[in-house]
Amino acid sequence: MAKRRTQDPARDTGEWLSLKAAAAMLGVHPATLRAWADAGRIPSRRTAGGHRRFARQDLEAWLRAHGAEPGVRMLIAYTLGQLRLELARGAGPQAPWFERIRGEIAPAFQATCYQLLEELQAYIHDRDPQRPQRVGARYAEQAVAAGLALGDLLRAFLHFGGYLLESVFRMVEMGGSPEHWHEVHRAIMAFYNETLLTMIERYLEQAPWPKATAGFSAD
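Residues numbered from 1 in each chain as written. Predicted model: local features only at pLDDT ≥ 70, side-chain atom pairs only at ≥ 80, totals over all residues. Heavy atoms only, no water.

1. With respect to the overall build of the protein chain
Thinking step 1. The secondary structure content of the protein chain amounts to 11 helices and three strands.
Thinking step 2. Along the chain direction, N to C, the helices and strands of the protein chain fall in the order α-β-α-α-β-β-α-α-α-α-α-α-α-α.
Thinking step 3. Considering the protein chain as a whole, with its 219 residues, one finds that 40% of them fall into the buried category.
Thinking step 4. For the protein chain, the proportion of contacts with a sequence separation of at least 24, taken over those separated by at least 6, is 70%.
Thinking step 5. Carbon and sulfur atoms provide 55% of the accessible area of the protein chain, an area that totals close to 11,900 Å². (Helix = DSSP H or I, 4+ residues; strand = E, 2+ residues; numbered from the N terminus. Buried < 20%, exposed > 50% of the residue type's maximum accessible area, 1.4 Å probe, protein only. Contact = heavy atoms within 4.5 Å. Areas by Shrake-Rupley, 256 points an atom, 1.4 Å probe, with all protein chains shown as cover.)

Laid out in structure tokens, this is it:
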């Protein structure tokens, strides 16, 4: 006679998360979270079927200890997911600048995008003005080294930066406090604008004028 499985009330109410859901909440790859659980960094349990489950309260405690709240980590994870998906599938604008971003400078560009999101996460809490300036300077250096016109750099930055704003609206739709996300939105815009200004200033300082002014014509 088969053993009858009992339902876990906590799991039914959403307090226990699967590996995939828990990884999304933390904004990390499932393999990373699995390794952390194996090493004892984050508690987990096994279901009768051998599947790993994580307590929401343990994940929230981890996020608090690492200076991030669940909502902000979800925002970062969503933005990263959209960026990876668009670059991998080539589903973005049919324009030369997009093909270049997906081409030879893709690894460096993506690495800076990840740095931007990590710096943004920290900026929401400490408002350190050096964070957006570091990212803006790095974007400029990479663009100049790759011979990317300033206009194309701005098109790429504005296009992918739009995911951040979309992410905030999605967080509100998921039930977050509008007042809280209004403050997050203000922090994002302050970070975004300072990154953009620094990027332009550093580009103009480093690139020859013909290169710096090129690229603003219509696609």
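After that view of the structure, there is still more to cover.
2. A look at the environment of His159
Thinking step 1. Here His159 lies in helix H9 (residues 150-173).
Thinking step 2. Put simply, His159 and Phe98 are 61 residues apart on the chain and 9.7 Å apart in space, counted from C-alpha to C-alpha.

3. With respect to the packing of aromatic side chains
Thinking step 1. Enumeration according to the criterion identifies five aromatic pairs in this entry.
Thinking step 2. The interplanar angle of 80° and the centroid separation of 5.7 Å between the aromatic rings of Tyr139 and Phe157 together place this pair among those described as edge-to-face. In this pair, Tyr139 is assigned in helix H8 (residues 130-146) and Phe157 in helix H9, connecting sequence segments 18 residues apart.
Thinking step 3. Overall, the relative accessible area of 4% leaves Tyr139 in the buried class.
Thinking step 4. Ring centres 4.9 Å apart and planes at 25° place the aromatic pair Phe157 and Tyr192 in the stacked group. Here Phe157 is found in helix H9, whereas its partner Tyr192 is found in helix H10 (residues 178-206), with 35 residues between them in sequence. The two residues Phe157 and Tyr192 agree in class, both being buried.
Thinking step 5. Taken together, the aromatic side chains of Phe109, Tyr139, Phe157, Phe160 and Tyr192 make up a single cluster linked through ring pairs. (Phe/Tyr/Trp six-rings, centres within 6.5 Å; stacked < 30°, edge-to-face > 60°.)

4. Observations concerning the side chain of Arg131
Thinking step 1. Within the secondary structure layout, Arg131 lies in helix H8.
Thinking step 2. Not counting residues within four places of it along the chain, the set of residues in contact with Arg131 comprises Glu119, Ala122, Tyr123, Asp126 and Phe191.

5. A word on the packing of helix H7 (residues 106-126) against H8
Working note: a packed helix pair is described by the angle between its axes plus the distance between those axes.
Thinking step 1. The geometry of H7 relative to H8 is characterised by a closest axis approach of 9 Å and an angle of 170° between their N-to-C directions. Here H7 lies roughly antiparallel to H8, going by the angle between them. Within the contact between the two elements, H7 uses Ala108, Phe109, Ala111, Thr112, Cys113, Gln115, Leu116, Glu119, Ala122, Tyr123 and Asp126 and H8 uses Arg131, Pro132, Arg134, Val135, Arg138, Tyr139 and Gln142.
Thinking step 2. Partitioning the contact of H7 with H8 into residue classes produces 10 nonpolar, three polar and five charged. (Axes fitted to C-alpha atoms, helices over the stretch in contact; angles between N-to-C directions. Parallel < 35°, antiparallel > 145°, perpendicular 65-115°, else oblique. Nonpolar A, V, L, I, M, F, W, Y, C, P; charged D, E, K, R; others polar.)

6. Comments concerning unusual backbone geometry
Thinking step 1. At Arg127, a residue that is not glycine, the phi angle is positive and equals roughly 55°.
Thinking step 2. If you trace the backbone, Arg127 turns up in the loop between H7 and H8.
Thinking step 3. By relative accessible area, which is 37% here, Arg127 ends up partly exposed.

7. Examining the packing of helix H2 (residues 19-26) against helix H4 (residues 56-65)
Thinking step 1. As a packed pair, H2 and H4 sit with axes 10 Å apart at the nearest point and diverge in direction by 25°. With respect to H4, the axis of H2 lies roughly parallel. Here H2 and H4 pass one another in a crossing that is right-handed. Contact residues: Ala22, Met25 and Leu26 in H2; Arg56, Leu59, Glu60, Trp62 and Leu63 in H4.
Thinking step 2. Residue composition of the contact of H2 with H4, by class: six nonpolar, no polar and two charged. (Left-handed = near helix turned anticlockwise from the far one by under 90°.)

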